Amino acid sequence: MDLSVTSREQGGRTVVEVGGEIDVYTAPVLRERLNDLVGEGRHHLVVDMEKVDFLDSTGLGVLVGGLKRVRSHDGSLHLVCTQEKILKVFRITGLTKVFPIHSSVDDAVAASSGDAAS
């Protein structure tokens, strides 16, 4: 399964839409995109995972790495996810305490607007 990663601006935030499987084979694609965005000065990210079919520990590692990277620039990384099978991965690993997880992109953008100014 391939991974699609696109990004757009919405409400002063960069929304990264991810689709497919985030696993040991595809995670480097997402890592590179997040690194590129931070390198371009985009430090407030919303990762839309509504089209993600599968997420493994490598994918979680990429998201945690992205979070650390944006936080080093006083940024934020919010997730959009309503799929129970993906949310379960975050709950089991305790990462629901680390990532703000929202039910829609609009909610995530509104919530992240309360973060430090970009």
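Keep in mind that what you see is a predicted model, and the values were worked out from it rather than measured.

(A) Spotlight on helix α4 (residues 105-112). All buried positions along α4 are accounted for by Val105, Ala108, Val109 and Ser112. The buried residues of α4 occupy one face: seen down the axis, they fall within an arc of 100°. Along α4, exposed side chains directed more than 90 degrees from the buried face belong to Asp106 and Ala110. Considering only its buried residues, α4 is in contact with β1 (3-10), β2 (13-22), β3 (44-55), β4 (76-80) and β5 (101-102).

(B) Structural view of the sheet that holds β1. If you walk across this open sheet you meet the 5 strands as β1-β2-β3-β4-β5, and the pairing is mixed. Each edge of the open sheet carries a strand with a single partner, namely β1 and β5. Looking at chain direction, β1 and β2 are connected through 8 bridges and run antiparallel. Across the sheet, the residue bridging to Leu3 is Gly20, located in β2. Packed on one face of the sheet, helix α3 (residues 84-93) meets β3, β4 and β5 and runs near 115° to β3. Against the sheet, α4 touches β1, β2, β3, β4 and β5, its axis set at about 160° to β4.

So, how was this worked out
Residues numbered from 1 in each chain as written. Predicted model: local features only at pLDDT ≥ 70, side-chain atom pairs only at ≥ 80, totals over all residues. Heavy atoms only, no water. Buried < 20%, exposed > 50% of the residue type's maximum accessible area, 1.4 Å probe, protein only. Helix = DSSP H or I, 4+ residues; strand = E, 2+ residues; numbered from the N terminus. Arc of directions from axis to C-beta. Contact = heavy atoms within 4.5 Å. Pairing = 2+ DSSP bridges. Axes fitted to C-alpha atoms, helices over the stretch in contact; angles between N-to-C directions.

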